[in-house]
Structure formats: C-alpha cells, structure tokens
Amino acid sequence: MLVIIFICGLMIGSFLNVVIYRLPKEESIIFSRSYCTSCQTELGVVDLIPVISFLFARGKCRYCGGKISYQYPLVELLTGILFLILFQQYHFSIEFGVYAFLSLLLIVSSFIDFKHQIIPNRITYFGFISGIILSLLFNHITIISALLGAVIPAGFLFLISVITKGGLGMGDVKFVAMVGSYLGAGYTLIGIFIGSIVGSVIGLLLIISGIKSRKSRIPFGPLLALGNLLMLLKGAAIIDFYFKLWN
Ligand SMILES: [Zn+2]
C-alpha cells in the first residue's frame with residue numbers, strides 16, 4: 001500500500017511541475033501536451049516517468065541535450081515523501097485527503113515564489129475558497145475556525161507589512177489566509193513563527209558566508225510553507241516540546 005501511495009505522490013508531483021512552470025506564464029495547464037522547455041519537442045510517455053526518466057537521461061533532454069532542472073525530480077520526490085508521511089499518520093481518512101491537498105498548494109506556491117518572487121492570486125484565492133468549502137463539507141476543522149484561521153494570521157502579517165512599509169508582500173498575506181483556512185489560527189501563527197526563525201538563520205548564514213548581501217531578499221513563501229508544513233505534520237509534538245522547555 002505504501003508503495004502505491006508513494007507512486008501516486010510521484011505522479012502528482014510530476015503534474016505539479018507542469019503547474020509550477022505554466023501557471024506564472026498564464027499557459028493552459030491541462031489542455032496541452034508536455035514539451036521540452038529548450039527545444040519545444042513534445043515529450044512521450046517514456047520521458048515523463050517521475051524521477052526515473054530524469055535519472056536515465058542524466059538530467060538532459062533526449063532530443064536536444066538541454067539541461068533539465070533539478071526542480072523536476074525534487075518536486076516529485078517531495079510530493080511522494082509527503083504523501084507517505086501523511087498516509088502513515090492519517091491512513092485513508094478525510095484528514096489524509098485534505099492535508100495532502102494542502103501540501104500540494106504549499107509545494108506549488110513555494111516553488112513559484114522561489115523562482116518568480118510572486119505567489120499568484122490564482123493559487124491563494126483558489127486555496128482559500130477550497131479551504132472554506134472543505135471546512136463546510138468535513139469535520140477536520142469547523143467553519144468558524146477556518147474563517148478565524150484565515151483572518152487572524154493574515155491580519156497579523158498585514159500589520160507587519162504596513163509597519164515595515166511593504167517589507168512583506170501581499171502575496172504572503174493571502175498565502176497565510178489560504179493556509180489558515182485549513183489549519184486554523186493557532187497552528188498557522190506558530191507556523192509563521194517557525195518559518196521566520198528558519199528564515200533568520202538562513203539569512204544570517206547567507207550574509208556571513210558572503211553569498212547574499214544584507215539587502216537581498218529571501219522569498220518568504222517557501223519559509224511560511226515549511227513552518228506550516230511542520231505544524232501540519234507534527235503540530236501537537238511541537239507545542240508539547242515548547243511547553244516542556246518552559247517547565
Ligand atoms: Zn529538448
């Protein structure tokens with residue numbers, strides 16, 4: 001069973017790569033065949049097997065020899081592994097479906113933000129509305145918690161954005177509203193906090209090592225996604241650990 005779940009994750013990850021590539025370009029996601037981004041050759045089934053095609057072709061296009069980004073196998077593996085962890089935690093349940101869907105939203109917005117420094121409204125609006133609808137359909141979260149989860153953390157980031165005069169983008173604010181409609185206000189706020197700490201550490205390391213200057217911007221979306229993903233997977237354990245630190 002675990003193998004099937006993992007393979008499903010890999011295949012969905014492969015679809016996410018298409019979304020990550022095409023969404024910022026406003027290209028149709030579903031109604032066109034996959035093609036090489038260097039030579040535009042339409043790809044066959046053999047070229048589209050997750051991870052394996054990449055390994056066999058040694059990261060190059062079979063037709064033109066153009067380099068294929070490591071993003072492709074990375075997104076596929078990441079999705080597969082997340083599906084495995086979620087399945088071990090929730091088995092076949094509403095929670096598994098809902099949280100697997102949220103992790104897809106997190107992966108897509110992180111990689112787009114990392115590449116283009118933008119989180120498209122099409123993802124955040126769609127994610128927020130789907131979160132609210134799912135809260136009405138299922139009982140992983142109440143509709144009140146979903147709405148508060150969307151408003152409180154987003155309001156908090158909006159305030160920071162006003163205070164820092166645009167140090168934070170509106171994309172980040174909408175992203176947090178989306179996550180909050182799935183996880184609720186408490187978890188999302190802690191997720192933001194974890195993401196900020198990780199971001200500060202990475203930022204410091206990059207400045208010390210001279211890779212980035214003090215002024216360069218680290219995309220906040222992937223950090224927010226990481227923090228909230230940790231809360232999604234290990235929220236109860238993280239809160240427990242925090243209280244033990246103080247006792
Ligand atoms: Zn090619």
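Every residue gets a number counted from 1 within its own chain, in the order that chain's sequence is written. Totals for whole chains, interfaces and linings use all residues, but because this is a predicted model, local features are given only for residues with pLDDT of at least 70 and pairs of side-chain atoms are given and counted only at 80 or more. The side-chain numbers reported here are obtained from all heavy atoms of the structure, hydrogens and water having been left aside.

Chemist: Any chance you could break down the side chain of threonine 79 for me, citing the residues and the numbers?
Modeler: Secondary structure elements follow DSSP: runs of H or I no shorter than four residues count as helices, runs of E no shorter than two count as strands, and numbering proceeds from the N terminus. With respect to the helices, strands and loops of the structure, threonine 79 is situated in helix α3 (residues 71-90). Residue classification places threonine 79 among the buried residues on the basis of a relative accessible area of 1%. Note on contacts: a residue pair qualifies if any of its non-hydrogen atoms lie within 4.5 Å across the two residues. Once residues within four sequence positions are removed from consideration, threonine 79 is found in contact with Gly9, Ile12, Gly13, Leu16, Leu104 and Ile107. Only protein chains enter the calculation, and the probe is 1.4 Å; a residue is then buried if its accessible area is under 20% of its type maximum, exposed if over 50%, and partly exposed in between.

Chemist: Before we move on, can you summarise unusual backbone geometry with the specific residues and values?
Modeler: Even without a glycine there, the phi angle at glutamine 40 is positive, about 65 degrees. Mapped onto the secondary structure, glutamine 40 falls in the loop between α1 (2-22) and α2 (52-56). Residue histidine 91 is not a glycine yet carries a positive backbone phi of 50 degrees. Here histidine 91 lies in the loop between α3 and α4 (94-116). Residue histidine 91 is classed as partly exposed on the basis of its relative accessible area of 48%.

Chemist: Summarise the coordination of the zinc ion; cite the residues concerned and give the values.
Modeler: The coordination sphere of the zinc ion contains the protein donors Cys36 (SG), Cys39 (SG), Cys61 (SG) and Cys64 (SG), at a distance range of 2.3 Å. Going along the chain, you hit the donors of the zinc ion in the pattern C-x2-C-x21-C-x2-C. Within this pair, whereas cysteine 36 is found in the loop between α1 and α2, its partner cysteine 61 is found in the loop between α2 and α3, the two being separated by 25 residues in sequence. Across the pair, cysteine 61 and cysteine 36 agree in class, each one buried. In this listing, donors mean N, O and S atoms no farther than 2.8 Å from the metal, or 3.2 Å for Na, K and Ca; water is missing from the atoms, so a site can look incomplete.

Chemist: Quick rundown of the side chain of serine 110? Include the residues and the values.
Modeler: Structurally, serine 110 can be placed in helix α4. Classification of serine 110 by relative accessible area gives buried; the value is 11%. Beyond its immediate sequence surroundings of up to four residues, serine 110 is in contact with Gly221, Pro222 and Ala225.

Chemist: Go over the packing of helix α7 (residues 170-183) against helix α9 (residues 220-246), please, and point to the residues and values.
Modeler: One can describe the packing of α7 onto α9 by two numbers: an axis separation of 10 Å at closest approach and a directional angle of 10 degrees. In terms of axis orientation, α7 runs roughly parallel to α9. Contacts between α7 and α9 pair Asp172, Phe175, Val176, Val179 and Leu183 from the former with Phe220, Gly221, Leu224, Ala225, Asn228 and Leu232 from the latter. Under the grouping applied here, Gly and all other residues not named as nonpolar or charged are polar, the nonpolar ones being Ala, Val, Leu, Ile, Met, Phe, Trp, Tyr, Cys and Pro and the charged ones Asp, Glu, Lys and Arg. By residue class, the composition of the contact of α7 with α9 is eight nonpolar, two polar and one charged. Here an angle of 0 to 180 degrees is reported between the N-to-C directions of two axes, which are lines fitted to C-alpha atoms, with helices fitted over the stretch in contact. We call two directions roughly parallel when the angle between them is under 35 degrees, roughly antiparallel when it is over 145, roughly perpendicular when it lies between 65 and 115, and oblique otherwise.

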